[in-house]
Amino acid sequence: MVTLRDVANAAGVSPAAASYALSGSSKVTEETARRVRKAARALHYTGNFAARSLRRGKSGIIGVAMFELRREYPATLAYAIGNEAAKHGRQALVQQISYSDERERAFIRSMANQYSDGLLLCSAGVPESEIDALSKGKPVVVLDDVSIKRYDTVLNPREEGENALVGHLVSIGRTDALIIGADRLSRKEIIAAQPGRYRFLASCYAAYANHGMRLNKRRIEPLPAWDIEQARLKAHELVERRCIFDSAICATDTVALGFIRGLLECGVRVPDDVAVVGFDGIATGRYCSPTLTTIETDIDEVARRAVDLLMRRIGNAEDNDDDEGAPTDPQHVTVGYRLRIGESTVGAKD
């Protein structure tokens, strides 16, 4: 069985340094931490979680609150987080919360009381003040919530991505778009409400303004959920209403795929009659027909940055237990992206 000493020898460091590196402690440099993690991966080292728990009073587990795992993007992200946690010698315990604030509260309360050394929350619907109380001081990192200020966050490139999508549609002469999957709110109404919950729509408003256009809220089409079937039905509804539009900006790739299917069922050609774009960059979008134009988020980077930040927080907490070290200010990271142009906007190539 591979031991921590084996990993340390392979990385050329002491066992103590290897332990600090795998726990995310700030007592070692980032270069040393990378070298140790690389050695751990090469040796397939996973660590003895039970022994570590007894020795350090830690479980070796990070709790991950995730939206509906039946959908491709959150399932892929959960997989990537699990892989990243293993590189740090940790296990990821993933719980589906299904867009429920109450389930998220129950998850935070349970994980803080019993199991985890830290928490990853996907788009926390729970206010920061409640996270403070429920987490009981456990390290927390939040994904995709711009309203969070006191905790580390890792954000998808929604603002930059929607700007790139609108720019692409303008470049191919499509300027009469519908926004699919957002609440019908004006820009002022978003500012007065909770901007974090309306990030998709706020980004669309900003993108339109950046390209010298104005988005009328009557061009916004809400959905009961960002669900493939709901999007398919929305396409049928719009065709039956004889709604005129030359393009559709969809909240996610899942929504875009359902919307395209609905249009095709109604005899509307994509992209000849309507160009459609999504957001996330799920793999299915590369294999459907037509292939999907989307913003491809770097999911591996999301997982890596989120787990690294959480491990740093866990390391700082352990350092503070020894009256050493101090936590840094909250870090707010936006990951990279790529505009992936598919047949849903430019058609099949000859």
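See above for the structure.
Attention in this report is confined to the structure presented alongside it. The structure displayed is predicted, hence computed values, not measured ones.

Definitions and cut-offs
Numbering of residues starts from 1 in every chain and runs along the sequence as written. The model is predicted, so local features are restricted to residues of pLDDT at least 70 and side-chain atom pairs to those at 80 or more, both for listing and for counting; the totals for chains, interfaces and linings are taken over all residues. Remark: hydrogens and water are excluded; side-chain values derive from all non-hydrogen atoms of the structure. By the criteria applied, helices consist of DSSP H or I runs no shorter than four residues and strands consist of E runs no shorter than two, each listed in order from the N terminus. Remark: exposure states derive from per-residue accessible area (1.4 Å probe, protein chains only) relative to the maximum for the residue type, with buried under 20%, exposed over 50%, and partly exposed in between. Each accessible area is a Shrake-Rupley estimate made with a 1.4 Å probe; only the visible protein chains count as cover when residues are assessed. Here, a strand pair is defined by DSSP locating no fewer than two bridges between the strands. Residue contacts are counted whenever heavy atoms from the two residues lie within 4.5 Å of one another. Whenever a helix is involved, its axis is fitted only over the stretch in contact; in every case the axis is a line through C-alpha atoms, and angles between N-to-C directions fall within 0 to 180 degrees. A helix is expected to span 1.5 Å for every residue after the first. It is the directions from the helix axis to the C-beta atoms whose arc is reported. Here, nonpolar core refers to any group of buried Ala, Val, Leu, Ile, Met, Phe, Trp, Tyr and Cys residues whose side-chain atoms link them within 4.5 Å. Here the aromatic set is Phe, Tyr and Trp, taking the six-membered ring for Trp, and pairing holds for ring centres within 6.5 Å; pairs whose planes are under 30 degrees apart are stacked, those over 60 apart are edge-to-face, and all others are tilted. Under this definition, polar contacts are N or O atom pairs within 3.5 Å; protein pairs additionally need one hydrogen-donor-capable and one acceptor-capable atom, and for neighbouring residues in sequence, both atoms have to be side-chain atoms. Any carboxyl oxygen of Asp or Glu that lies within 4 Å of a side-chain nitrogen of Lys or Arg is treated as forming a salt bridge with it. What makes a patch is a set of residues exposed beyond 30% relative accessible area and free of salt bridges, joined within 9 Å when like-charged and within 5 Å when nonpolar (Val, Leu, Ile, Met, Phe, Trp, Tyr).

## Section: the overall build of the protein
- Each helix and strand in the protein was counted, giving 14 helices and 12 strands.
- Burial status across the protein gives 51% buried among its 350 residues.
- Accessible area for the protein stands at about 16,100 Å²; split by element, carbon and sulfur atoms hold 50% of it.

## Here's the deal with the sheet that holds strand β9 (residues 275–277)
- Taken in spatial order, the four strands of this open sheet run β7-β6-β8-β9, and their pairing is parallel. Edge positions in the sheet fall to β7 (220–221) and β9, since each has one partner strand and no second.
- Two strands pair when backbone bridges link them, and strand β6 (residues 177–180) and strand β8 (residues 247–250) are joined in this way by four bridges, in the parallel orientation. Residue pairing in the sheet places Ile 179 in a bridge with Ile 249 of β8.
- Each of β6, β7 and β8 touches helix α10 (residues 199–210); the most contacted strand, β6, lies at about 160° to it.
- Along the sheet, helix α12 (residues 253–265) contacts β6, β8 and β9; its crossing angle with β9, the most-contacted strand, is approximately 160°.

## Concerning the sheet that holds strand β3 (residues 118–122)
- Across the sheet, six strands lie side by side as β2-β1-β3-β4-β5-β11; this open sheet has parallel pairing. For this open sheet the edge positions go to β2 (91–96) and β11 (332–334), each flanked by a neighbour on one side alone. Ignoring which end each strand starts from, the neighbouring axes of this sheet average 20° apart.
- Judged from the three bridges that link them, strand β4 (residues 140–143) and strand β5 (residues 152–155) form a sheet pairing that is parallel. By the bridge assignment for β5, Leu 143 is matched with Val 154.

## Re helix α5 (residues 72–87)
- Taking 1.5 Å per residue as the helical rise, α5 with its 16 residues ought to reach 22 Å, and the 23 Å between its terminal C-alpha atoms agrees with that figure.
- Turning to α5, its buried residues are Tyr 73, Pro 74, Leu 77, Ala 78, Ala 80, Ile 81, Glu 84 and Ala 85. With its buried residues spanning 170° around the axis, α5 presents them on a single face.
- Looking at the residues trailing α5, positive phi occurs at Gly 89, about 75°.

## Points about unusual backbone geometry
- In this model, Val 270 is joined to Pro 271 through a cis peptide bond whose omega is 10°.
- In this chain, Ser 289 is followed by Pro 290 through a cis amide linkage whose omega measures 5°.
- In this structure, Arg 242 takes a positive phi of about 60° despite not being glycine.
- Among the structural elements, Arg 242 can be located in the loop between α11 (228–240) and β8.

## Points about the nonpolar core
- Counting residues in each nonpolar core, the largest one holds 46 residues, and the members touching the most others are Leu 77, Ile 81, Leu 120, Ile 180, Phe 259, Leu 263 and Val 276.
- Discounting residues that sit within four places of it in the chain, Ile 180 has contacts with Phe 200, Glu 221, Leu 223, Leu 238, Ala 248, Ile 249, Cys 250, Ala 251, Val 255 and Phe 259.
- Leu 165, Val 166, Ala 182 and Phe 279 belong to the second largest nonpolar core, which has 23 residues in total.

## Details of the packing of aromatic side chains
- Summed over the entire model, instances satisfying the criterion amount to two aromatic pairs.
- Aromatic pair Phe 200 and Trp 226: ring centres 6.2 Å apart, planes at 90°, arrangement edge-to-face. Here the residue Phe 200 occupies a position in helix α10, and Trp 226 occupies one in the loop between β7 and α11, the gap between them amounting to 26 residues.
- A residue is classified by how much of its surface remains accessible, and Trp 226, at 31% relative accessible area, is partly exposed.
- Between Phe 245 and Phe 259, the aromatic rings sit 6.3 Å apart at their centres with planes inclined by 45°, giving tilted as the arrangement. Taken as a pair, Phe 245 in the loop between α11 and β8 and Phe 259 in helix α12 lie far apart in primary sequence, 14 residues in all. Like Phe 245, the residue Phe 259 is buried in the burial classification.

## Notes on the side chain of Glu 68
- Structurally, Glu 68 is set in the loop between β1 (61–66) and α5.
- Here Arg 70 takes part through its side chain, which lies 3.0 Å from a polar atom of the side chain of Glu 68.

## Considering the pattern of salt bridges
- According to the stated counting rule, one finds 31 salt bridges in the structure shown.
- Lys 87 serves as the salt-bridge partner of Glu 84, at 2.9 Å between the closest nitrogen and oxygen. You can see Glu 84 and its partner Lys 87 sitting in helix α5, three residues apart, about one turn around the helix.
- Close ionic contact of Glu 265 with Arg 232 constitutes a salt bridge, the shortest N to O distance being 2.7 Å.

## Description of a nonpolar patch on the surface
- Together, Ile 172, Ile 341 and Val 346 give the surface a local cluster of nonpolar side chains, amounting to about 230 Å² of exposed area.
- As for its placement among the helices and strands, Ile 172 is situated in the loop between α8 (158–171) and β6.

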